[in-house]
Amino acid sequence: MSDSGHSQPGLYGPDRRRRWNRDKELGPPGGPQSLSGPGRERDYGPWDRERREPAEEPVGSVMQKTPIILAKPPAERSKLAPAPAPVPPATAPPPMEKPIVLMKSREEGKGPVGASEGAAQLPTAAAKGEKEGQRPTQPVYQIQNRGMGSAASSSTMDPVAGQAKLLAPEKMKHSIKLVDDQMNWCDSAIEYLLDQTDVLVVGVLGLQGTGKSMLMSLLSANQPEEDQRAYVFRTQSQEIKERGGNQTSGIDFFITQERIIFLDTQPILSPSILDHLINNDRKLPPEYNLPHTYVEMQSLQIAAFLFTVCHVVIVVQDWFTDLSLYRFLQTAEMVKPSTPSPSHESTGSSGADEGTEYYPHVVFLQNKAKRENFCPRNLKQMHVVIDKIMMHSHLKYKGTLSMLECNIFPGLPYDYLDTEVNLFLLPFADSDADDTFPRAAPGGGPLFSLLPGYKGHPSFQSLVAKLRSQIMSMARPQLSHTILTEKNWFHYAARIWDGVKKSSALSEYSRLLA
């Protein structure tokens, strides 16, 4: 049956399957093998071996190509030739430098990329293909790096500028001019002011030689035991005292680290300023004809200015009492600029239009007080006199300062004074060195040699500290209808000073004096 091509034993049976498996394991035979019957030689022909060879390549070569094919997009995979297939594993180290590559990704993307790139540019193209998958997170990284880059470029300036913004202004070592001796406004104080609203403004008024500058220095930055030449407000030297001159001219400005502004002024109704005008033939402004009129108008301008821009005004006198001083205060109150009060607070006096205008707290300071002034009976009489003189005034002269609450008179009850005004007494600054009892008298015991002398009042340092605590704890009402910062207060004060100099009320009063 072999000649007819019909089946032979093992052609389609187990014998052929065994032979096919053996040939697969041992490789194709060296030559063609013919089965019985025509048309069977195609099962093991040479062309069949060529058809089977690509499918029967070693498994290892296929596994090497798999990561590369999966890692590249189809568009680039079609461009690459199979010959440099082992080259891409050399691009494995670049992931270690991924932050640097990401920072330069946009710069590299700007350049034109040609279609015929060489084999040397293949790693760059592969890196770009890998970064395309990270594009959703790339903008966040770029934004952060852009900020860091700008900071790094100005790293030498930014820390200093940042610290300068956080630091407070330079601490003042001495006072500066707010109004000069020609009654002109000065702008140098704006450099020491901040944009914050917690500020207290304290001004002072007084006759010549009453100790205004020394008092303002002790309240602001100095201690009584320091040398007076180091005070922030210059005090009178011995030469100036001998010739009867004045030290302060215009208005001096000083601000503490606690944001308290102190304004020291020239003496009101000063005879030394009048003498200087007369003897030096200084030209008066055209609206003033007489020197004494000009001196009084200068004093009224300063007082009206303080009554408008200060929270507290201290009136210093060195003896009790000068009625012309109270007349001057009432005149300054009359000609002060009209400023609507933002809050209807009690002014300590009776009046139908109470609270319609702003009025500061006024403190009467009795400087260089004698021992008998601290007597409770004399102290009560002083309060009664000041209350009767100022009863028609709208200034807040009572209810904001008390000597009884300072424990200066521990034996007196709080209701000892029926009408307690803002009065404070200070003894002589050198009274602590005085002793009424002799030291170690002959035959005396050692007790009196150790005890201090009796003065009738606490020490000067103790009283200054109590006065400072009372002044700094006073209420800080709004000076205008809006809350003012330190810099806004400066501009507000400049406008008030300009308005005071051009005030029609002061001009009319000056005309009546002439």
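Cut-offs applied
- Residues numbered from 1 in each chain as written.
- Predicted model: local features only at pLDDT ≥ 70, side-chain atom pairs only at ≥ 80, totals over all residues.
- Heavy atoms only, no water.
- Helix = DSSP H or I, 4+ residues; strand = E, 2+ residues; numbered from the N terminus.
- Contact = heavy atoms within 4.5 Å.
- Areas by Shrake-Rupley, 256 points an atom, 1.4 Å probe, with all protein chains shown as cover.
- Phe/Tyr/Trp six-rings, centres within 6.5 Å; stacked < 30°, edge-to-face > 60°.
- Buried < 20%, exposed > 50% of the residue type's maximum accessible area, 1.4 Å probe, protein only.
- Lys NZ or Arg CZ within 6 Å of the ring centre and 35° of its normal.
- Core = buried A, V, L, I, M, F, W, Y, C linked by side-chain atoms within 4.5 Å.
- pLDDT = per-residue confidence, 0-100.
- Axes fitted to C-alpha atoms, helices over the stretch in contact; angles between N-to-C directions.
- Parallel < 35°, antiparallel > 145°, perpendicular 65-115°, else oblique.
- Left-handed = near helix turned anticlockwise from the far one by under 90°.
- 1 Å grid on protein atoms, 1.4 Å probe; cavity = no way out; pocket = protein on both sides within 12 Å on 5 of 7 lines; lining within 4 Å.
- Points joined across faces, edges and corners; volume = space filled by probe spheres on them.
- Nonpolar A, V, L, I, M, F, W, Y, C, P; charged D, E, K, R; others polar.
- Salt bridge = Lys/Arg side-chain N within 4 Å of Asp/Glu carboxyl O.
- Pairing = 2+ DSSP bridges.
- Polar contact = N/O pair within 3.5 Å; in protein donor to acceptor, adjacent residues only side chain to side chain.

Draft legend 1. Structural context of the overall build of the chain. A tally of helices and strands in the chain yields 19 helices and 7 strands. Taking the contacts inside the chain whose residues are at least 6 apart along the sequence as the reference set, 71% of them involve residues at least 24 apart. Carbon and sulfur atoms make up 56% of the accessible area of the chain, which totals about 29900 Å².

Draft legend 2. Spatial organisation of the packing of aromatic side chains. Applying the stated criterion across every chain, the model contains 6 aromatic pairs. An angle of 70° between the planes, with centres 6.1 Å apart, marks the rings of Trp185 and Phe305 as edge-to-face. Note that Trp185 is positioned in the loop between strand S1 (176-179) and strand S2 (200-206) and Phe305 in helix H13 (residues 291-309), a separation of 120 residues in sequence. This pair shows no difference in class: Trp185 is buried, exactly as Phe305 is. A centroid spacing of 5.5 Å and a plane angle of 85° characterise the contact between Phe305 and Trp497, whose relative ring orientation is edge-to-face. Separated by 192 residues along the polypeptide, Phe305 in helix H13 and Trp497 in helix H18 (residues 486-501) bring together distant segments of the chain. Considered together, Phe305 and Trp497 belong to a single accessibility category, that of buried residues. Aromatic ring contacts, followed pair by pair, group Trp185, Phe305, Phe490 and Trp497 into a single cluster. Positioned above the aromatic ring of Tyr359 is the side chain of Lys336, whose terminal nitrogen or guanidinium carbon lies 5.0 Å from the ring centre.

Draft legend 3. Inspection of the nonpolar core at higher detail. Membership of the largest hydrophobic core comes to 101 residues, with the highest contact counts inside it found for Phe253, Leu263, Phe305, Ile314, Phe364, Phe424 and Trp489. Looking at this core element by element, the count peaks at 10 residues for H13. Residues within four places of Phe364 in sequence aside, it is in contact with Val315, Tyr326, Leu329, Ile386, Met390, Tyr397, Asn422, Leu423 and Phe424.

Draft legend 4. Looking closely at the confidence of the model for the chain. Here the chain averages 74 in pLDDT, while 59% of its residues score no lower than 70. Across residues 31-45, where pLDDT falls below 50, the model places 22 contacts with residues more than four positions away in sequence or in other chains. Across residues 344-355, where pLDDT falls below 50, the model places 22 contacts with residues more than four positions away in sequence or in other chains.

Draft legend 5. Region of interest: the packing of H13 against helix H14 (residues 323-335). Closest axis-to-axis distance for the H13/H14 pair is 9 Å, and the angle between their directions is 65°. Judged by the angle between their axes, H13 and H14 are roughly perpendicular. The hand of the H13/H14 crossing is right-handed. In this structure, H13 uses Glu296, Ser299, Leu300, Ala303, Ala304 and Phe307 to contact H14, whose residues at the interface are Arg327, Phe328, Leu329, Thr331, Ala332, Glu333 and Val335.

Draft legend 6. Here's a closer look at the layout of surface pockets. Taken as a whole, the second largest pocket holds about 460 Å³ of empty space. Surrounding the second largest pocket, 25 residues form its lining, Gly209, Gly211, Met214, Gln236 and Lys241 being those nearest its centre. Here the element with the most residues in the lining of the second largest pocket is helix H10 (residues 212-220); it accounts for 3 residues. In terms of residue class, the lining of the second largest pocket is made up of 6 nonpolar, 13 polar and 6 charged.

Draft legend 7. Summary view of the pattern of salt bridges. Per the stated rule, a full pass over the model turns up 8 salt bridges. With its nearest N and O atoms 2.9 Å apart, the salt bridge here joins Glu486 to Arg259. Taken together, the positions of Glu486 in helix H18 and Arg259 in the loop between strand S3 (251-255) and strand S4 (260-265) put the pair 227 residues apart, joining distant regions of the chain.

Draft legend 8. Quick peek at the environment of Asp181. Tracing the chain through its elements places Asp181 in the loop between S1 and S2. What makes Asp181 partly exposed here is its relative accessible area of 40%. Between the C-alpha atom of Asp181 and that of Gly250, which follows or precedes it by 69 residues, the distance is 4.7 Å.

Draft legend 9. Layout of the sheet that holds S1. Strands sit in the order S1-S3-S4-S2-S5-S6-S7 across an open sheet of 7 strands; the sheet is mixed. Among the strands making up the open sheet, the edge pair consists of S1 and strand S7 (423-425). Strand-to-strand twist in this sheet, taken as the mean axis angle between neighbours without regard to direction, amounts to 30°. Note that S2 and S4 share 4 bridges and pair parallel. Considered in S4, the bridge of Val201 is made with Ile261. H10 rests against S2, S3, S4, strand S5 (312-317) and strand S6 (361-366) of the sheet, and its axis sits at about 170° to S4.

Draft legend 10. Expanded view of the side chain of Asp387. Structurally, the position occupied by Asp387 is in helix H15 (residues 376-389). Within polar-contact distance, the side chain of Asp387 engages the side chain of Tyr397 at 3.1 Å. There is a polar contact of 3.4 Å between the side chain of Asp387 and the side chain of Thr419. Every residue in contact with Asp387, bar those within four places of it in the chain, is listed here: Tyr397, Lys398, Thr419 and Val421.

Draft legend 11. Seen up close, the pairing of S4. S4 sits mainly inside the fold: 6 of its 6 residues count as buried. Side-chain alternation along S4 places Ile260, Phe262 and Asp264 on one buried face and Ile261, Leu263 and Thr265 on a second face that is also buried. Where S3 folds back on S4, the antiparallel hairpin that results is connected by 4 residues, among which Arg259 adopts a positive phi of roughly 60°.

Draft legend 12. Spatial organisation of the packing of H13 against helix H19 (residues 504-513). Where H13 contacts H19, the two axes come as close as 10 Å, and the packing angle between them is 155°. By the angle between their axes, H13 is roughly antiparallel relative to H19. At the point where H13 passes H19, the crossing takes the right-handed sense. Here H13 contributes Thr293, Glu296, Met297, Leu300 and Gln301 to the contact with H19, which in turn contributes Leu506, Tyr509, Ser510 and Leu513. Counted by class, the contact of H13 with H19 contains 5 nonpolar, 3 polar and 1 charged residues.

Draft legend 13. Spatial organisation of the environment of His361. Inspection of the secondary structure puts His361 in strand S6. For the pair His361 and His394, spaced 33 residues apart in sequence, the C-alpha to C-alpha distance is 10.0 Å. If sequence neighbours within four positions are ignored, His361 has contacts with His311, Val312, Val313, Lys396, Thr400, Met474, Ala475 and Pro477.

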